[in-house]
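# Fold and geometry: a report
Here are the chains, one letter per residue:
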Amino acid sequence: MNKPLLECVPNFSEGRRMNVIDAITDSIGMVPQTIILDRHIDPYHNRTVITFVGPPASVLQAAFQAVSTASKLIDMEQHDGVNPRIGATDVVPFVPLSGSSMETCIRIAAELGKQVGDKLNIPVYLYGQAANNTTRSNLANLRTGEYEGLRKSISVDPERHPDYGPKNLSSSGATAIGARTPLIAFNINLSTNDVLIAKKIAKAIRQSSGGLDGVQSIGIIVDELAQVSNNITNYAITPVVVVVDAIEREATKYGVKIYDSEIVGLIPQEAMQETERWHLPENFELSNCILENCIAAHLQK
(Lines give C-alpha, C1' and ligand atoms only; values in the text may rest on other atoms or scores of the structure.)
Protein backbone atom coordinates (compact mmCIF):
# COMPACT_ATOMS: atom_id res chain seq x y z
CA MET A 1 0.00 0.00 0.00
CA ASN A 2 1.98 3.00 -1.35
CA LYS A 3 -0.86 5.49 -1.13
CA PRO A 4 -1.06 8.16 1.60
CA LEU A 5 -2.28 6.70 4.87
CA LEU A 6 -4.70 8.08 7.41
CA GLU A 7 -5.26 6.62 10.86
CA CYS A 8 -8.74 6.53 12.37
CA VAL A 9 -9.38 5.67 16.02
CA PRO A 10 -13.15 5.60 16.66
CA ASN A 11 -14.45 4.98 20.19
CA PHE A 12 -17.72 3.08 20.57
CA SER A 13 -19.96 2.96 23.65
CA GLU A 14 -19.93 -0.82 23.90
CA GLY A 15 -17.41 -3.02 25.65
CA ARG A 16 -19.45 -6.03 26.79
CA ARG A 17 -21.49 -7.49 23.92
CA MET A 18 -19.03 -9.20 21.58
CA ASN A 19 -21.63 -9.67 18.85
CA VAL A 20 -22.05 -5.90 18.63
CA ILE A 21 -18.31 -5.23 18.76
CA ASP A 22 -17.67 -7.84 16.07
CA ALA A 23 -20.37 -6.38 13.83
CA ILE A 24 -18.81 -2.91 14.06
CA THR A 25 -15.35 -4.35 13.42
CA ASP A 26 -16.58 -6.31 10.40
CA SER A 27 -18.17 -3.18 8.92
CA ILE A 28 -14.73 -1.55 8.96
CA GLY A 29 -12.83 -4.58 7.69
CA MET A 30 -15.11 -5.11 4.69
CA VAL A 31 -13.97 -1.84 3.06
CA PRO A 32 -11.16 -2.48 0.54
CA GLN A 33 -7.65 -1.27 1.48
CA THR A 34 -8.65 -0.71 5.09
CA ILE A 35 -6.40 -2.39 7.66
CA ILE A 36 -7.53 -2.93 11.26
CA LEU A 37 -4.48 -2.65 13.50
CA ASP A 38 -5.87 -2.90 17.01
CA ARG A 39 -9.05 -3.38 19.02
CA HIS A 40 -9.14 -2.44 22.70
CA ILE A 41 -12.24 -3.77 24.47
CA ASP A 42 -12.95 -2.53 28.00
CA PRO A 43 -16.01 -3.92 29.81
CA TYR A 44 -15.53 -1.62 32.81
CA HIS A 45 -15.51 1.54 30.72
CA ASN A 46 -18.11 -0.22 28.49
CA ARG A 47 -16.14 1.06 25.55
CA THR A 48 -14.23 -0.24 22.54
CA VAL A 49 -11.47 1.59 20.69
CA ILE A 50 -10.64 0.37 17.17
CA THR A 51 -7.54 1.56 15.32
CA PHE A 52 -7.45 1.25 11.54
CA VAL A 53 -5.55 2.79 8.64
CA GLY A 54 -5.90 3.15 4.89
CA PRO A 55 -6.06 5.63 2.01
CA PRO A 56 -8.30 8.64 2.76
CA ALA A 57 -11.27 7.47 0.66
CA SER A 58 -11.24 4.00 2.21
CA VAL A 59 -10.91 5.34 5.75
CA LEU A 60 -13.81 7.71 5.16
CA GLN A 61 -16.03 4.90 3.88
CA ALA A 62 -15.05 2.54 6.70
CA ALA A 63 -15.69 5.20 9.35
CA PHE A 64 -19.14 5.87 7.95
CA GLN A 65 -19.99 2.15 7.91
CA ALA A 66 -18.84 1.83 11.53
CA VAL A 67 -20.93 4.79 12.71
CA SER A 68 -23.93 3.42 10.84
CA THR A 69 -23.57 -0.05 12.34
CA ALA A 70 -23.08 1.27 15.87
CA SER A 71 -26.16 3.50 15.57
CA LYS A 72 -28.33 0.47 14.86
CA LEU A 73 -26.94 -1.76 17.61
CA ILE A 74 -26.18 0.53 20.56
CA ASP A 75 -28.97 2.14 22.58
CA MET A 76 -27.66 5.00 24.69
CA GLU A 77 -30.78 4.89 26.84
CA GLN A 78 -29.50 1.53 28.10
CA HIS A 79 -25.80 2.36 28.24
CA ASP A 80 -23.80 2.64 31.42
CA GLY A 81 -20.07 3.10 31.80
CA VAL A 82 -17.54 5.20 33.65
CA ASN A 83 -16.09 6.94 30.59
CA PRO A 84 -17.71 10.23 29.51
CA ARG A 85 -19.68 9.72 26.27
CA ILE A 86 -22.29 11.38 24.07
CA GLY A 87 -23.25 8.66 21.64
CA ALA A 88 -23.06 5.13 20.30
CA THR A 89 -20.03 6.24 18.31
CA ASP A 90 -18.66 8.69 20.81
CA VAL A 91 -15.73 10.08 18.87
CA VAL A 92 -14.08 9.60 15.46
CA PRO A 93 -10.62 11.18 15.18
CA PHE A 94 -8.54 11.21 11.99
CA VAL A 95 -4.74 11.33 12.28
CA PRO A 96 -2.29 12.00 9.42
CA LEU A 97 0.30 9.31 8.73
CA SER A 98 2.82 8.80 5.91
CA GLY A 99 2.15 10.89 2.83
CA SER A 100 -0.96 12.57 4.25
CA SER A 101 -1.58 15.88 5.95
CA MET A 102 -3.63 17.49 8.68
CA GLU A 103 -5.51 19.38 5.95
CA THR A 104 -6.61 16.04 4.50
CA CYS A 105 -7.81 14.88 7.92
CA ILE A 106 -9.78 18.09 8.41
CA ARG A 107 -11.43 17.65 5.01
CA ILE A 108 -12.27 13.99 5.68
CA ALA A 109 -13.70 14.89 9.10
CA ALA A 110 -16.01 17.48 7.54
CA GLU A 111 -17.08 15.07 4.78
CA LEU A 112 -17.85 12.33 7.28
CA GLY A 113 -19.69 14.78 9.52
CA LYS A 114 -21.97 15.84 6.69
CA GLN A 115 -22.63 12.23 5.64
CA VAL A 116 -23.45 11.13 9.20
CA GLY A 117 -25.70 14.13 9.75
CA ASP A 118 -27.52 13.89 6.41
CA LYS A 119 -27.75 10.12 5.88
CA LEU A 120 -27.91 8.79 9.45
CA ASN A 121 -29.72 11.73 11.07
CA ILE A 122 -27.15 11.82 13.88
CA PRO A 123 -25.98 15.17 15.38
CA VAL A 124 -22.29 15.73 14.67
CA TYR A 125 -19.82 18.05 16.38
CA LEU A 126 -16.52 18.82 14.70
CA TYR A 127 -13.64 18.94 17.20
CA GLY A 128 -9.87 19.17 17.41
CA GLN A 129 -8.27 20.86 14.42
CA ALA A 130 -11.48 20.31 12.44
CA ALA A 131 -13.52 22.44 14.87
CA ASN A 132 -15.25 25.56 13.61
CA ASN A 133 -14.63 27.40 16.90
CA THR A 134 -12.14 27.21 19.73
CA THR A 135 -14.67 26.02 22.30
CA ARG A 136 -15.34 22.86 20.31
CA SER A 137 -11.68 22.12 19.70
CA ASN A 138 -11.57 20.54 23.17
CA LEU A 139 -13.40 17.22 23.21
CA ALA A 140 -14.06 17.51 26.94
CA ASN A 141 -16.23 20.57 26.31
CA LEU A 142 -18.42 18.62 23.89
CA ARG A 143 -18.87 15.83 26.43
CA THR A 144 -20.07 18.17 29.19
CA GLY A 145 -23.20 16.63 30.68
CA GLU A 146 -22.64 13.51 28.56
CA TYR A 147 -25.49 11.91 26.57
CA GLU A 148 -28.08 12.64 29.24
CA GLY A 149 -27.22 16.32 29.51
CA LEU A 150 -26.93 16.81 25.77
CA ARG A 151 -30.34 15.23 25.24
CA LYS A 152 -31.87 18.02 27.35
CA SER A 153 -29.89 20.95 25.96
CA ILE A 154 -29.24 20.26 22.27
CA SER A 155 -32.50 21.74 21.03
CA VAL A 156 -32.73 24.74 23.35
CA ASP A 157 -29.15 25.93 23.83
CA PRO A 158 -27.57 27.47 20.69
CA GLU A 159 -24.13 26.65 22.08
CA ARG A 160 -25.08 22.97 21.89
CA HIS A 161 -26.46 22.98 18.37
CA PRO A 162 -24.51 20.50 16.20
CA ASP A 163 -22.41 21.31 13.13
CA TYR A 164 -24.35 18.72 11.13
CA GLY A 165 -27.53 16.76 11.65
CA PRO A 166 -30.65 17.35 13.74
CA LYS A 167 -30.98 19.42 16.91
CA ASN A 168 -32.32 16.45 18.84
CA LEU A 169 -31.01 13.09 20.01
CA SER A 170 -32.26 9.63 19.17
CA SER A 171 -31.13 6.60 21.16
CA SER A 172 -27.87 6.54 19.17
CA GLY A 173 -26.88 9.93 20.60
CA ALA A 174 -24.40 12.30 18.95
CA THR A 175 -20.91 11.88 17.55
CA ALA A 176 -17.78 14.04 17.74
CA ILE A 177 -15.70 13.88 14.56
CA GLY A 178 -12.33 15.56 14.28
CA ALA A 179 -8.72 15.77 13.22
CA ARG A 180 -5.77 15.63 15.58
CA THR A 181 -2.15 14.66 16.01
CA PRO A 182 -1.31 11.30 17.65
CA LEU A 183 -2.73 10.95 21.16
CA ILE A 184 -1.72 8.55 23.91
CA ALA A 185 -4.49 7.08 26.03
CA PHE A 186 -2.77 5.92 29.20
CA ASN A 187 -4.53 4.83 32.39
CA ILE A 188 -3.00 4.34 35.83
CA ASN A 189 -4.61 2.18 38.51
CA LEU A 190 -3.98 3.06 42.14
CA SER A 191 -3.60 0.79 45.15
CA THR A 192 -6.94 1.95 46.56
CA ASN A 193 -10.64 1.80 45.79
CA ASP A 194 -11.17 5.39 46.92
CA VAL A 195 -12.30 7.15 43.74
CA LEU A 196 -12.10 10.55 45.45
CA ILE A 197 -8.32 10.16 45.56
CA ALA A 198 -8.22 9.43 41.83
CA LYS A 199 -10.44 12.45 41.15
CA LYS A 200 -8.18 14.73 43.22
CA ILE A 201 -5.07 13.47 41.45
CA ALA A 202 -6.70 13.89 38.03
CA LYS A 203 -7.65 17.46 38.87
CA ALA A 204 -4.12 18.23 40.03
CA ILE A 205 -2.40 16.98 36.87
CA ARG A 206 -4.74 17.95 34.01
CA GLN A 207 -4.09 21.07 31.98
CA SER A 208 -7.57 22.53 32.46
CA SER A 209 -6.92 22.74 36.21
CA GLY A 210 -3.48 24.25 35.85
CA GLY A 211 -1.56 20.98 35.63
CA LEU A 212 0.47 19.44 32.82
CA ASP A 213 0.36 20.80 29.28
CA GLY A 214 -1.61 18.61 26.87
CA VAL A 215 -2.97 16.29 29.55
CA GLN A 216 -6.65 15.48 30.02
CA SER A 217 -7.44 13.39 33.08
CA ILE A 218 -10.39 12.01 35.06
CA GLY A 219 -10.68 9.84 38.15
CA ILE A 220 -12.90 6.75 38.00
CA ILE A 221 -13.36 3.26 39.45
CA VAL A 222 -12.36 0.28 37.29
CA ASP A 223 -12.56 -3.29 38.56
CA GLU A 224 -12.58 -2.16 42.21
CA LEU A 225 -9.48 0.02 41.78
CA ALA A 226 -9.36 3.79 41.58
CA GLN A 227 -8.03 4.80 38.17
CA VAL A 228 -6.55 8.01 36.81
CA SER A 229 -7.53 7.88 33.14
CA ASN A 230 -5.44 10.14 30.89
CA ASN A 231 -5.25 11.41 27.35
CA ILE A 232 -1.84 12.87 26.51
CA THR A 233 -2.44 15.11 23.52
CA ASN A 234 1.15 16.32 23.07
CA TYR A 235 3.67 13.73 24.19
CA ALA A 236 6.55 15.83 22.82
CA ILE A 237 5.82 18.47 25.47
CA THR A 238 4.61 16.09 28.18
CA PRO A 239 6.02 12.56 27.81
CA VAL A 240 4.23 9.63 29.43
CA VAL A 241 6.87 9.31 32.14
CA VAL A 242 6.22 12.90 33.24
CA VAL A 243 2.55 12.03 33.73
CA VAL A 244 3.50 8.89 35.66
CA ASP A 245 5.83 10.84 37.93
CA ALA A 246 3.20 13.51 38.59
CA ILE A 247 0.58 10.91 39.51
CA GLU A 248 3.05 9.14 41.75
CA ARG A 249 3.88 12.35 43.59
CA GLU A 250 0.24 13.20 44.09
CA ALA A 251 -0.60 9.64 45.19
CA THR A 252 1.98 9.74 47.98
CA LYS A 253 0.11 12.68 49.49
CA TYR A 254 -2.80 10.30 50.13
CA GLY A 255 -0.68 7.35 51.24
CA VAL A 256 -1.31 5.26 48.10
CA LYS A 257 0.89 3.90 45.31
CA ILE A 258 0.57 3.12 41.62
CA TYR A 259 -0.71 -0.45 41.20
CA ASP A 260 -0.22 -0.75 37.44
CA SER A 261 -1.01 0.97 34.15
CA GLU A 262 -2.49 0.26 30.73
CA ILE A 263 -2.13 1.59 27.21
CA VAL A 264 -5.34 2.01 25.22
CA GLY A 265 -4.79 1.51 21.50
CA LEU A 266 -1.47 2.19 19.76
CA ILE A 267 1.27 4.76 20.32
CA PRO A 268 4.03 6.17 18.10
CA GLN A 269 7.56 4.81 18.39
CA GLU A 270 8.97 8.21 19.29
CA ALA A 271 6.77 8.33 22.41
CA MET A 272 8.48 5.25 23.87
CA GLN A 273 10.69 7.01 26.40
CA GLU A 274 11.70 5.45 29.75
CA THR A 275 9.03 2.78 29.39
CA GLU A 276 10.51 0.79 32.28
CA ARG A 277 9.02 3.46 34.56
CA TRP A 278 5.50 3.28 33.15
CA HIS A 279 4.32 0.62 35.66
CA LEU A 280 3.05 -1.67 32.91
CA PRO A 281 2.05 -5.18 34.01
CA GLU A 282 4.79 -7.79 34.17
CA ASN A 283 5.35 -9.63 30.87
CA PHE A 284 3.39 -6.96 28.95
CA GLU A 285 4.53 -7.01 25.31
CA LEU A 286 5.14 -3.35 24.64
CA SER A 287 6.18 -3.82 21.01
CA ASN A 288 2.61 -4.85 20.15
CA CYS A 289 1.43 -1.33 21.04
CA ILE A 290 3.79 0.51 18.69
CA LEU A 291 1.89 2.00 15.76
CA GLU A 292 4.70 1.69 13.25
CA ASN A 293 5.29 -1.97 14.11
CA CYS A 294 1.63 -2.84 13.55
CA ILE A 295 1.49 -1.02 10.22
CA ALA A 296 4.68 -2.68 8.99
CA ALA A 297 3.50 -6.13 10.04
CA HIS A 298 0.24 -5.76 8.13
CA LEU A 299 1.81 -4.27 5.01
CA GLN A 300 4.20 -7.23 4.80
CA LYS A 301 1.36 -9.75 4.65
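Refer to the structure above for everything that follows.
Here we summarise the structure given alongside this text. (Residues numbered from 1 in each chain as written. Predicted model: local features only at pLDDT ≥ 70, side-chain atom pairs only at ≥ 80, totals over all residues. Heavy atoms only, no water.)

### A few points about helix α2 (residues 56–73)
Each turn of an α-helix holds 3.6 residues, which means side chains three or four residues apart point in the same direction. We apply this condition: Think of it this way: any DSSP run of H or I at least four residues long counts as a helix, any run of E at least two long counts as a strand, and we number them from the N terminus. Helix span, expected: 1.5 Å multiplied by one less than the number of residues in the helix. Type-normalised accessible area, obtained with a 1.4 Å probe on protein chains alone, sets the label of each residue: buried when under 20%, exposed when over 50%, and partly exposed for intermediate values. In what follows, residue pairs with any heavy atoms lying within 4.5 Å of each other are defined as contacts.
Its 18 residues place the ends of α2 26 Å apart at the C-alpha level, agreeing with the 26 Å of an ideal helix rising 1.5 Å per residue. When we look at burial in α2, the residues that qualify are P56, S58, V59, L60, A62, A63, F64, A66, V67, S68, T69 and A70. Buried residues along α2 sit in contact with β1 (6–8), β2 (11–12), α1 (18–29), β4 (47–54), β5 (89–96) and α3 (102–119).

### Observations concerning the packing of α2 against α3
Basically, it comes down to this: Axis definition: a line fit to C-alpha positions, over the contact stretch in the case of helices; interaxial angles, taken between N-to-C directions, run 0 to 180 degrees. By convention, the crossing between two helices is left-handed when the near helix turns anticlockwise from the far helix through less than a right angle, and right-handed when the turn is clockwise. Side-chain classes are defined by residue name, with Ala, Val, Leu, Ile, Met, Phe, Trp, Tyr, Cys and Pro counting as nonpolar, Asp, Glu, Lys and Arg as charged, and the others, Gly among them, as polar.
At their nearest, the axes of α2 and α3 sit 10 Å apart, and the two run at 35° to each other. Classified by chirality, the crossing of α3 by α2 is right-handed. Between α2 and α3, the residues in contact are P56, L60, A63, F64 and V67 and T104, I108, E111, L112, Q115, V116 and K119, respectively. Here the contact of α2 with α3 is composed, by residue class, of eight nonpolar, two polar and two charged.

### Some details on the side chain of D260
Put simply, the rule is: By the criterion applied in these results, polar contacts are pairs of N or O atoms within 3.5 Å in which, for protein atoms, one can donate a hydrogen and the other can accept it, and in which residues neighboring in sequence qualify only through two side-chain atoms.
By secondary structure assignment, the location of D260 is in strand β11 (residues 258–264). Looking at D260, its side chain comes within polar contact range of the side chain of N189, at 2.8 Å. Every residue in contact with D260, bar those within four places of it in the chain, is listed here: N187, I188, N189, H279 and P281.

### Side note on the packing of α1 against α2
The condition is simple: Throughout, the term roughly parallel applies to angles under 35 degrees, roughly antiparallel to angles over 145, roughly perpendicular to angles from 65 to 115, and oblique to all others.
Relative orientation of the contacting elements α1 and α2 amounts to 155°, with a least axis distance of 8 Å. Classed by the angle they form, the pair α1 and α2 counts as roughly antiparallel. Viewed along their axes, α1 and α2 form a crossing whose handedness is right-handed. Touching V20, A23, I24, S27 and I28 of α1 are A62, Q65, A66, T69, A70 and L73, all from α2. Of the residues contributing to the contact of α1 with α2, the split by class is eight nonpolar, three polar and no charged.

### Concerning the pairing of strand β3 (residues 35–42)
Along a regular strand, successive side chains alternate from one face of the sheet to the other. What counts here: When DSSP finds two or more bridges between two strands, those strands count as paired.
Sheet topology places β3 next to β4; seven bridges connect them, and they run antiparallel. Bridged to H40 within β4 is V49. Linking β3 back to β4 in an antiparallel pair, the connection comprises four residues, with N46 at a positive phi of about 55°.

### What to know about the state of the cysteines
Rules: Any pair of cysteine sulfurs within 2.5 Å is marked as a disulfide.
This model, assessed by the stated rule, comprises zero disulfides. The thiol of C8 is not disulfide-bonded; the next cysteine sulfur, from C105, is found 9.2 Å away. Under the relative-accessibility criterion, C8 is labelled buried at 0%. Cysteine C294 shares no disulfide, and the gap to the nearest cysteine sulfur, in C289, comes to 7.5 Å.

### Some details on the sheet that holds strand β8 (residues 184–190)
The strand order across the open sheet built from four strands is β9-β10-β8-β11, with neighbouring strands paired in antiparallel fashion. Looking along the sheet, the strands with just one partner apiece sit at the ends: β9 (215–222) and β11. Within this sheet the neighbouring strands show an average axis-to-axis angle of 20°, counted without direction. In this sheet, β11 lies alongside β8 in antiparallel orientation, the contact comprising six bridges. Bridging from a neighbouring strand, A185 pairs with V264 of β11. Lying on the sheet, helix α7 (residues 195–205) is in contact with β8, β9 and β10 (225–232); it crosses β9 at an angle near 175°. Contacts from helix α8 (residues 240–252) reach β8, β9, β10 and β11 within the one sheet, and its direction differs from that of β8 by about 25°.

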